[in-house]
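# Structural characterization, general
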Amino acid sequence: MSVHYTLNLRVFWPLVTGLCTALVCLYHVLRGNGGARTEPPDGADGGFPLLKVVVLLLLGYILLRCRHAVRQRFLPGPPRLGGHSAFSSKHFPEPSLDILLESYYEHEVRLSPHVLGHSKAHVSRIVGELVRAGRARGSPGPIPGGALALAFRGDFIQVGSAYEQHKIRRPDGFDVLVPLRLPPLVALEPRSLGAEPELAPAFHGCFVCALKAPPGASGGHWLRDCKPFSDGFCVDVRGRRLLSATLVLRWFQAHLQRSLATVRYSLEGRCRVSLTPGGLEQPPTLHILPCRTDYGCCRLSMAVRLIPAVHLGDSVFLVAPPPPPSPAGPLSELPGGLRGDALWGVNTARQEQKLLSWLQERAPPGACYLKCLQLLKALRDLGARGLDPTAAAQWGRILSSYVLKSALLAMLQREGAPAPGWDEAHLGERLEELVQFLRDCLLRRRTLFHCVLGPGGAAAEVGPLPKVLREAAPVDLLAAFDRQVRELAAARLLSTWRRLPQLLRAYGGPRYLVRCPPPRSQRTQGFPEDEP
């Protein structure tokens, strides 16, 4: 991917003006100090007058503003709330949707590869030191050490959009899996809940893990030897001991705090770090703030979610806690005696990265499907403008980044491979097809299956999967939302797409152009479709 840099003239020209003024002032100070020693002859001009410099700078600024005024007639402008401008569309042609999308992508969506690379390298160094310190410290908590201690495996796995080349706007949020090492005497027997008829569809993507004796261990002695680990990290459900995601997460957060205290002093010269516990519903977040003495080119504040993970095999992990299912499905109301703190989520990020790489290898040069995914995320963000907090949160859940990525992968798998029509010359058409496909998933088919755990899966493209995943029931990512929510989200999505040129004119373009307030049709308090 080629690197493009744009010059922020709003900062550049004031900086040049201030620098020139400082140089002129410095010149006059030096000239005044040396005036007593070298007096110029009468009538001679001893230096370049300050007034001439100021006039030249003022003239350059006026020419620059005139150039901007001319450019604004051809660049996407803000929508008019009323009346007609003297420069209407009959005088100047409206830019095409592809031009608007490209302008918005360059100025609002695309990340600088330079800044993203620096951010990922910085996160990798900090998290690497923290994980190594956690591995060296051993296990605190209910089992302070020994053969039955839970511990860090010593490595970490970077997942999410920042590592799949489709993150947008700012490189300030990252997800990292921290694999845990189970004691040698402990083995797990995971089971999918997708086939449980009494469970709500929101929980069909969850797993439970029962303890079992490793091969060669006798049952009676194993139960006695494993009792300290079982009491510290398991819960009793239906007469079986299940590994508790809540207890593991609590141990994980405490162990991270102790490990951070170990490395905090060594990191003081590079950054300031702090850890925010996520409670029982979110993993902890590591905040990395730049130091005042850090004069690097990428001084960003970053938040890194550290997710405890248990390896199942073939680069598949169980993660704690499971993703939030639905506002209408709290964990405390699970039927059949199943406890919410025993539920685990599954992470197939490595398989999804392999699938994206496989599609990229088969795609023709210059394919824009990742760019379409980035613009679809930006379209979702534009659609959330004007919603009240509750509606915006529901809109963000049903059109989460994972749902949007799954929709793109499903459409590409349906086509077999990115066709020649996926070049950037057809960017607007492909984005419209992706929006229509997502609408059909919400309304007509009412399903969007997990790209790995769907019917048939993607085993041929992503490689082998653990047996428990191969035998798991298909996971529908939209099953947690009722019909009304899906219909309202589809209507809002289509309304946002119809108003996309107006939204791009309002919120797109170069950053130094003046922003305007959102149109009245966007100031809604819920999902109902807006007037175009």
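Residues numbered from 1 in each chain as written. Predicted model: local features only at pLDDT ≥ 70, side-chain atom pairs only at ≥ 80, totals over all residues. Heavy atoms only, no water.

### Description of the overall build of the protein
Each helix and strand counted, the protein has 16 helices and twelve strands in total. For the protein, with 532 residues in total, the buried portion stands at 46%. Long-range pairs, those at least 24 residues apart, make up 73% of the contacts in the protein with a sequence separation of at least 6. (Helix = DSSP H or I, 4+ residues; strand = E, 2+ residues; numbered from the N terminus. Buried < 20%, exposed > 50% of the residue type's maximum accessible area, 1.4 Å probe, protein only. Contact = heavy atoms within 4.5 Å.)

### Considering empty space enclosed by the protein
Tallied over the entire structure, the rule returns one cavity of 30 Å³ or more. Its boundaries defined by the atoms lining it, the largest cavity holds a volume of some 50 Å³. Lining the largest cavity, in full, are Leu101, Tyr104, Leu375, Ala378, Leu379, Leu382, Leu431, Leu500 and Leu504. Its residues placed into classes, the lining of the largest cavity shows nine nonpolar, no polar and no charged. (1 Å grid on protein atoms, 1.4 Å probe; cavity = no way out; pocket = protein on both sides within 12 Å on 5 of 7 lines; lining within 4 Å. Points joined across faces, edges and corners; volume = space filled by probe spheres on them. Nonpolar A, V, L, I, M, F, W, Y, C, P; charged D, E, K, R; others polar.)

### Topic: helix 16 (residues 500-507)
Taken across its eight residues, helix 16 has six buried, putting it largely inside the fold. Within helix 16 the residues assigned to the buried category are Leu500, Leu503, Leu504, Arg505, Ala506 and Tyr507. At its buried positions, helix 16 is contacted by helix 3 (97-109), helix 9 (369-383) and helix 15 (483-498).

### Quick notes on the packing of aromatic side chains
On inspection of all chains with the given rule, the structure shows five aromatic pairs. When the ring of Tyr163 is compared with that of Phe174, the centres are 6.0 Å apart and the planes differ by 55°; the resulting orientation is tilted. Taken as a pair, Tyr163 in the loop between strand 2 (157-159) and strand 3 (173-181) and Phe174 in strand 3 lie far apart in primary sequence, eleven residues in all. Per residue, the accessibility class of Tyr163 equals that of Phe174, and both read buried. Where Phe229 meets Phe233, the ring centres are 5.1 Å apart and the plane angle is 40°; that geometry is what we call tilted. One end of the pair, Phe229, and the other, Phe233, are both in helix 6 (residues 227-233), four residues apart, so they sit about a helical turn from each other. Phe229 gets classed as buried once you look at its relative accessible area, which sits at 0%. One aromatic cluster in this structure is built from Phe152, Phe229, Phe233, Trp251 and Phe252. Above the face of the Tyr105 ring, Lys371 is positioned so that its terminal group lies 4.6 Å from the ring centre. (Phe/Tyr/Trp six-rings, centres within 6.5 Å; stacked < 30°, edge-to-face > 60°. Lys NZ or Arg CZ within 6 Å of the ring centre and 35° of its normal.)

### Quick notes on the environment of Gly134
Structurally, Gly134 is set in helix 4 (residues 113-137). Relative accessible area serves as the criterion here: at 1%, Gly134 is assigned to the buried category. Apart from the residues within four sequence positions on either side, Gly134 is in contact with Phe152, His255 and Ser259.

### Observations concerning the pattern of salt bridges
Applying the stated criterion across every chain, the model contains 20 salt bridges. With a shortest N-O distance of 2.7 Å, Glu196 and Arg191 are connected by a salt bridge. The partly exposed category is assigned to Arg191, whose relative accessible area is 35%. The closest approach of N and O atoms between Lys371 and Glu424, which form a salt bridge, is 3.2 Å. Linking Lys371 in helix 9 with Glu424 in the loop between helix 11 (401-415) and helix 12 (427-442), this pair joins segments that are 53 residues apart in sequence. Three or more residues joined by partner-sharing salt bridges are found here, namely Glu102, Lys371 and Glu424. (Salt bridge = Lys/Arg side-chain N within 4 Å of Asp/Glu carboxyl O.)

### Some remarks on the packing of helix 8 (residues 349-362) against helix 11
Between two packed helices, both the angle of their axes relative to each other and the distance between the axes serve to describe the pair. Between helix 8 and helix 11, the least distance of the axes is 12 Å, while the angle of their chain directions is 45°. Considering their axes alone, helix 8 and helix 11 lie oblique with respect to each other. Once helix 8 is placed against helix 11, the crossing between them reads as left-handed. Facing helix 8, whose interface residues are Glu352, Leu355, Leu356 and Leu359, helix 11 presents Tyr402, Lys405, Leu409, Leu412 and Gln413. In terms of residue class, the contact of helix 8 with helix 11 is made up of six nonpolar, one polar and two charged. (Axes fitted to C-alpha atoms, helices over the stretch in contact; angles between N-to-C directions. Parallel < 35°, antiparallel > 145°, perpendicular 65-115°, else oblique. Left-handed = near helix turned anticlockwise from the far one by under 90°.)

### Observations regarding the pairing of strand 5 (residues 207-212)
In terms of residue burial, strand 5 counts as a mostly covered element, since five of its six residues are buried. Pairing geometry for strand 4 (residues 187-192) and strand 5, over six bridges, is antiparallel. Bridged to Arg191 within strand 5 is Val208. (Pairing = 2+ DSSP bridges.)

### A short note on unusual backbone geometry
Cis peptide bonds are those with omega within 30 degrees of zero, and the linkage from Ala320 to Pro321 qualifies with -10°. Turning to its location among the elements, Pro321 is positioned in the loop between strand 11 (316-319) and strand 12 (345-347).

### Description of the nonpolar core
Ranked by internal contacts, the top residues of the largest apolar core, which has 115 residues, are Phe229, Leu243, Phe252, Leu286, Ile288, Val304 and Leu306. Setting aside chain neighbours within four positions, we find Leu243 in contact with Leu188, Cys209, Phe229, Phe233, Cys234, Val248, Ala342 and Trp344. Core analysis: the next-biggest nonpolar cluster, separate from the first, contains 13 residues, Val208, Ala210, Val237 and Leu242 among them. (Core = buried A, V, L, I, M, F, W, Y, C linked by side-chain atoms within 4.5 Å.)

### Here we look at the confidence of the model for the protein
This prediction gives the protein a mean pLDDT of 78; 72% of its residues lie at or above 70. Strand 3 holds the highest mean pLDDT among the elements of the protein, 95, whereas helix 2 (residues 50-74) holds the lowest, 62. Taken together, the stretch residues 326-333 has pLDDT below 50 and engages in eight contacts with residues farther than four places along the chain or on a different chain. In this model residues 511-532 is a low-confidence stretch, pLDDT under 50, and it forms 66 contacts with partners more than four residues away in sequence or in other chains. (pLDDT = per-residue confidence, 0-100.)

### Comments concerning the pairing of strand 6 (residues 234-237)
Two elements, strand 6 and strand 7 (residues 240-243), share four bridges in a ladder whose sense is antiparallel. Residue pairing for strand 7: Cys234 is matched across the bridge by Leu243.

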